[in-house]
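One letter stands for each residue in the lines below.
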Amino acid sequence: MTDPLLIPCPHCNGLNRIPAARVGEQPKCGRCKNEVLLARPFDLKQTDYSSQIKGDLPLLVDVWAQWCGPCKAFAPVFEQAAGQLVGKCRLAKLDSEANQQLAAQLGIRSIPSLILYKNGQEIARQSGAFPLQQLKAWLQSHGISA
């Protein structure tokens, strides 16, 4: 028997206890009944931040802005990574323009920036856009395999 994973819902921020063996079965949130693990990035906002960084499944945040060319170029890569990392890492996008206070609190100085969280703590940060294989290699260097 495996220990359950605590995973925040990307829709309502409710913390869900999901058996590790059932992560691949599209678990639903106990509170709002939506899917807990998405095959696409979800939008992260100031009000969701403290809830979403919690939990046992790592969270990778892409800090971006609408006017940023490299951000737009990196978006399809990040989207593709989300589909490949379901159950291993959750992916979220933080619009630095719409969430300026949070971006400042996080010390964002350039975009796109990636921040990797595990158990509520930042464990890695990387600036710039890069290809999917390089993103996966970076995540693997931090213990997340695709």
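Refer to the structure printed above.
The rules behind the values
Residues numbered from 1 in each chain as written. Predicted model: local features only at pLDDT ≥ 70, side-chain atom pairs only at ≥ 80, totals over all residues. Heavy atoms only, no water. Phe/Tyr/Trp six-rings, centres within 6.5 Å; stacked < 30°, edge-to-face > 60°. Helix = DSSP H or I, 4+ residues; strand = E, 2+ residues; numbered from the N terminus. Buried < 20%, exposed > 50% of the residue type's maximum accessible area, 1.4 Å probe, protein only. Expected span 1.5 Å × (residues − 1). Bend = angle between axes of the 7 residues up to and from the residue. Contact = heavy atoms within 4.5 Å. Core = buried A, V, L, I, M, F, W, Y, C linked by side-chain atoms within 4.5 Å. Pairing = 2+ DSSP bridges. Right-handed = clockwise from strand over helix to strand, strands pointing away.

Participant: Teacher, can you tell me more about the packing of aromatic side chains here?
Facilitator: Two descriptors summarise a pair of aromatic rings, namely the distance from one centre to the other and the angle between the planes of the rings. With the rule as written, the count across this model stands at three aromatic pairs. Taking the centre distance of 5.8 Å and the plane angle of 75 degrees together, the rings of Tyr49 and Tyr117 count as edge-to-face. Here Tyr49, found in helix α1 (residues 49-52), pairs with Tyr117, found in strand β6 (residues 113-118); they are 68 residues apart in sequence, far enough to count as distant. Comparing Tyr49 with Tyr117, the two get one shared label, buried. On the numbers, 5.9 Å between centres and 45 degrees between planes, the contact of Phe74 with Phe78 is tilted. Taken together, the positions of Phe74 and Phe78, both in helix α2 (residues 69-84) and four residues apart, correspond to about one turn of that helix.

Participant: How do you make sense of unusual backbone geometry when you look at a structure like this?
Facilitator: In terms of backbone geometry, most residues other than glycine have negative phi values and most peptide bonds are trans. In this structure, the amide linkage connecting Ile111 to the following residue, Pro112, adopts the cis form with an omega of -5 degrees. One can find Pro112 in the loop between α3 (100-105) and β6. One non-glycine residue, Asn13, lies in positive phi territory at about 70 degrees. If you trace the backbone, Asn13 turns up in the loop between β1 (4-8) and β2 (15-19). The backbone of Lys33 shows a phi angle near 70 degrees, a positive value even though the residue is not glycine. In this fold, Lys33 is placed in the loop between β2 and β3 (42-44).

Participant: Can you walk me through α2 in this structure?
Facilitator: Every α-helix winds through 3.6 residues per turn, so residues three or four apart in the chain are directed the same way. Between the first and last C-alpha of α2 there are 24 Å, a value that for 16 residues agrees with the 22 Å anticipated at 1.5 Å per step. A bend of about 35 degrees at Ala75 is the largest found in α2, and the proline Pro76 appears one to four places after it. On the buried face of α2, the contacting elements are β4 (59-64), β5 (90-95), β6 and α4 (132-140).

Participant: What is the right way to read the nonpolar core from this model?
Facilitator: A general trend in soluble globular proteins is that nonpolar side chains are found buried together. Of all hydrophobic cores here, the largest spans 18 residues; its most connected members are Leu60, Leu91, Leu114, Leu116, Leu135, Trp138 and Leu139. Among the secondary structure elements, those contributing two or more residues to this core are α2, β6 and α4. Here this core takes five residues from α2, the largest share from any one element. Excluding its chain neighbours within four sequence positions, the residues that come into contact with Leu91 are Arg40, Pro41, Phe42, Leu59, Leu60, Phe78, Ala81, Ala82 and Leu85. Within the second largest apolar cluster, 16 residues are counted, among which are Leu38, Leu44, Ile53 and Ala92.

Participant: I keep staring at the pairing of β5 and nothing clicks. Help me out?
Facilitator: Looking down a regular strand, the side chains alternate between one sheet face and the other. Within β5, five of the six residues are buried, which leaves it mostly tucked inside the rest of the structure. Two strands pair when backbone bridges link them, and β3 and β5 are joined in this way by three bridges, in the parallel orientation. Note that in β5 the partner of Phe42 across the bridge is Ala92. Sheet topology note: the β4/β5 ladder contains six bridges and is parallel. Bridge assignment links Val61 to a residue of β5, and that residue is Ala92. Taking the sense of rotation as the criterion, the β-α-β connection linking β4, α2 and β5 turns out right-handed.

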